[in-house]
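Okay, here's what each chain looks like letter by letter:
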Amino acid sequence: MADANQGNRPLSPHLQVYRPQITSVLSILNRITGIGMSLATVLIAWWFLAAATGAEYFAVVDGFLTSWFGILILVASLLAFWFHFFNGLRHLRWDAGYGMGMKSVMRSGQVAVVMSIAATILCIILAV
Amino acid sequence: MSYLTDRKRVDGLGVARGGVEHWISQRVTSIALIPLSLMFLFPFLHNLGADHAAVLQTYSHPYHAIVAVMFFIVLCKHLHQGLQVVIEDYVHAPRLLLSSLILNKLFWGATAVMAVFAIAKIAFSA
């Protein structure tokens, strides 16, 4: 119970020397995409506020969001959304107690990555 | 330091009983967002870059207005919960921690209210 050597033990894992694995990389990507989508949320709320304000202001905001810089943010957010969506399903499945074997975890990770890229491309085609 | 017992080491660092509710609530908002995000996304992509009148027409329809309102409320709640966990993990200085937790809550509350107001205004005035 009471460990007398609590302060002197090696820390684990050392991120600098740890080989990146699909498990750890997708885990941190889930966080990064979640944080990143804050921006898209605020931008879309702004878009709605502009639409509610009037045609002139809407043209400004809609123009910004459909400029190359706006599209860059939105496409990145779309990819972030689909990744967070599919990886979130993966997390919910684990929370329900399924798919936690090593093989299953890696397989579902690969599926989440492929699905998110495919869904992003599909959405871009639909939107254009 | 190394003579302290484990109990003594965690004493006064805060409650250990308050996490389950937050964890479960985060799963509930993520489940709600599965249909809501999909129901919101496709009409939104269709309306982005469309002219003002077309956007007003879409979101004055009860279906799109209600979906968009529900989506923004649950999304802002989910962002608040997710970012709270991130802040709790990485911010350790007590004052900075408390102020960022408060700011996070107020920010997403305000964003939700603004989005809901905007959608309601479109829905009720068109």
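One structure accompanies this document, and this report is about it.

What counts, and where the lines are drawn
- Residues numbered from 1 in each chain as written.
- Chains lettered and ligands numbered in written order.
- Predicted model: local features only at pLDDT ≥ 70, side-chain atom pairs only at ≥ 80, totals over all residues.
- Heavy atoms only, no water.
- Helix = DSSP H or I, 4+ residues; strand = E, 2+ residues; numbered from the N terminus.
- Rg over C-alpha atoms; globule rule 2.2 N^0.38 Å.
- Buried < 20%, exposed > 50% of the residue type's maximum accessible area, 1.4 Å probe, protein only.
- Contact = heavy atoms within 4.5 Å.
- Areas by Shrake-Rupley, 256 points an atom, 1.4 Å probe, with all protein chains shown as cover.
- Lys, Arg positive; Asp, Glu negative; His and termini not counted.
- Charge placed at Lys NZ, Arg CZ, Asp CG, Glu CD.
- Core = buried A, V, L, I, M, F, W, Y, C linked by side-chain atoms within 4.5 Å.
- Buried area = accessible area lost by both parts, 1.4 Å probe.
- Salt bridge = Lys/Arg side-chain N within 4 Å of Asp/Glu carboxyl O.
- Polar contact = N/O pair within 3.5 Å; in protein donor to acceptor, adjacent residues only side chain to side chain.
- Axes fitted to C-alpha atoms, helices over the stretch in contact; angles between N-to-C directions.
- Parallel < 35°, antiparallel > 145°, perpendicular 65-115°, else oblique.
- Left-handed = near helix turned anticlockwise from the far one by under 90°.
- Nonpolar A, V, L, I, M, F, W, Y, C, P; charged D, E, K, R; others polar.
- Phe/Tyr/Trp six-rings, centres within 6.5 Å; stacked < 30°, edge-to-face > 60°.
- Expected span 1.5 Å × (residues − 1).
- Bend = angle between axes of the 7 residues up to and from the residue.

Turning our attention to the overall build of chain B. Along its length, chain B carries five helices and zero strands. Starting at the N terminus and ending at the C terminus, chain B contains elements arranged as α-α-α-α-α. Taken against the 2.2 N^0.38 rule, which gives 14 Å for 126 residues, the C-alpha radius of gyration of chain B at 20 Å runs more than 25% over that of a compact globule. Overall size of chain B, expressed as C-alpha extent along the three principal axes, is 70 × 25 × 20 Å. Every one of the 126 residues in chain B was classed for burial, and the buried ones make up 37%. Sequence separation of 24 or more characterises 69% of the internal contacts of chain B that already satisfy a separation of 6 or more. Accessible surface computed for chain B: about 7800 Å², of which carbon and sulfur atoms make up 71%. Positive and negative side-chain charges in chain B, numbering 9 and 6 respectively, have mean positions lying 7 Å apart.

What follows deals with the nonpolar core. Counting 36 residues, the largest nonpolar core has Trp 47 and Phe 48 of chain A together with Phe 40, Phe 44, Tyr 59, Phe 71 and Phe 72 of chain B as its most contacted members. Elements supplying a minimum of two residues to this core: α1 (22-53), α2 (55-65) and α3 (68-95) of chain A together with α2 (19-47), α3 (52-59), α4 (62-90) and α5 (94-125) of chain B. Counting residues per element, this core draws most heavily on α4 of chain B, at ten residues. Dropping the residues within four chain positions of it, Phe 40 of chain B is found in contact with Ile 44 and Phe 48 of chain A together with Tyr 59, Val 67, Ala 68, Phe 71 and Phe 72 of chain B. With twelve residues, the next largest nonpolar core counts Met 37, Leu 78 and Cys 123 of chain A together with Leu 45 of chain B among its residues.

Okay, the interface of chain A and chain B next. On the chain B side, the residues contacting the 38 residues of chain A number 45 residues. Taking both partners together, chain A and chain B bury about 3200 Å²; carbon and sulfur atoms supply 76% of that area. The largest per-residue losses of area from chain A upon contact with chain B belong to Arg 31, Thr 41 and Phe 48 of chain A, which jointly make up 19% of the total buried on that side. Linking Arg 31 of chain A and Asp 89 of chain B is a salt bridge whose minimum nitrogen-to-oxygen distance equals 2.7 Å. At the junction of chain A with chain B, the criterion picks out six residue pairs in polar contact (both at pLDDT 80 or more). Among the elements of the structure, α1, α2, α3 and α4 (102-127) of chain A are those that each provide at least two residues to the side of chain A that touches chain B. In terms of residues, the side of chain A that touches chain B owes the most to one element, α1 of chain A, which gives 15 residues.

Turning our eyes to something else, we now look at the packing of α1 of chain A against α3 of chain A. Residues and elements named next belong to chain A. Where α1 contacts α3, the two axes come as close as 8 Å, and the packing angle between them is 130°. Between α1 and α3, the interaxial angle falls into the category oblique. Where α1 crosses over α3, the two elements pack in a sense that is left-handed. Of the residues in α3, those in contact with Leu 26, Leu 29, Asn 30, Thr 33, Gly 34, Met 37, Leu 39, Ala 40 and Leu 43 of α1 are Ile 73, Ser 77, Ala 80, Phe 81, Phe 83, His 84, Asn 87, Gly 88, Arg 90 and His 91. Class assignment of the residues belonging to the contact of α1 with α3 gives a composition of ten nonpolar, eight polar and one charged.

Turning our attention to the environment of Trp 68 of chain A. Residues and elements named next belong to chain A. Inspection of the secondary structure assignment puts Trp 68 in helix α3. Given a relative accessible area of 68%, Trp 68 falls into the exposed group. Through-space distance from the C-alpha of Trp 68 to that of Leu 49 is 22 Å; in sequence the pair is 19 residues apart.

Here we come to the packing of aromatic side chains. Scanning the model with the defined rule gives 21 aromatic pairs over all chains in all. Measuring from ring centre to ring centre gives 4.4 Å for Phe 40 of chain B and Phe 71 of chain B, while their planes differ by 15°; the resulting arrangement is stacked. Of this pair, Phe 40 of chain B sits in helix α2 while Phe 71 of chain B sits in helix α4; the two residues are 31 residues apart in sequence, bridging distant segments of the chain. For the pair formed by Phe 40 of chain B and Phe 71 of chain B, the shared burial category is buried. Ring centres of Phe 71 of chain B and Phe 72 of chain B lie 5.8 Å apart, and the angle between their planes is 70°; this geometry places the pair in the edge-to-face category. Residue Phe 71 of chain B shares its accessibility class with Phe 72 of chain B, and that shared class is buried. Among the aromatic residues, ring-to-ring pairing joins Trp 47, Phe 48 and Phe 58 of chain A together with Phe 40, Phe 44, Tyr 59, Phe 71 and Phe 72 of chain B into one connected group.

This part takes up α2 of chain B. Look at α2 of chain B: 40 Å from first C-alpha to last across 29 residues, which is about the 42 Å you get at 1.5 Å a residue. Along α2 of chain B, the sharpest kink reaches roughly 40°, centred on Leu 33 of chain B and followed within four residues by the proline Pro 35 of chain B.

Okay, the packing of α1 of chain A against α2 of chain A next. Residue and element names in this part refer to chain A. With their axes 7 Å apart at the nearest point, α1 and α2 run at an angle of 155° to one another. In terms of orientation, α1 lies roughly antiparallel with respect to α2. Between α1 and α2 lies a crossing of left-handed hand. Where α1 abuts α2, its residues Leu 43, Trp 46, Trp 47, Ala 50, Ala 51 and Thr 53 lie against Tyr 57, Phe 58, Val 61, Asp 62, Phe 64 and Leu 65. Here the residues of the contact of α1 with α2 are counted per class, giving ten nonpolar, one polar and one charged.

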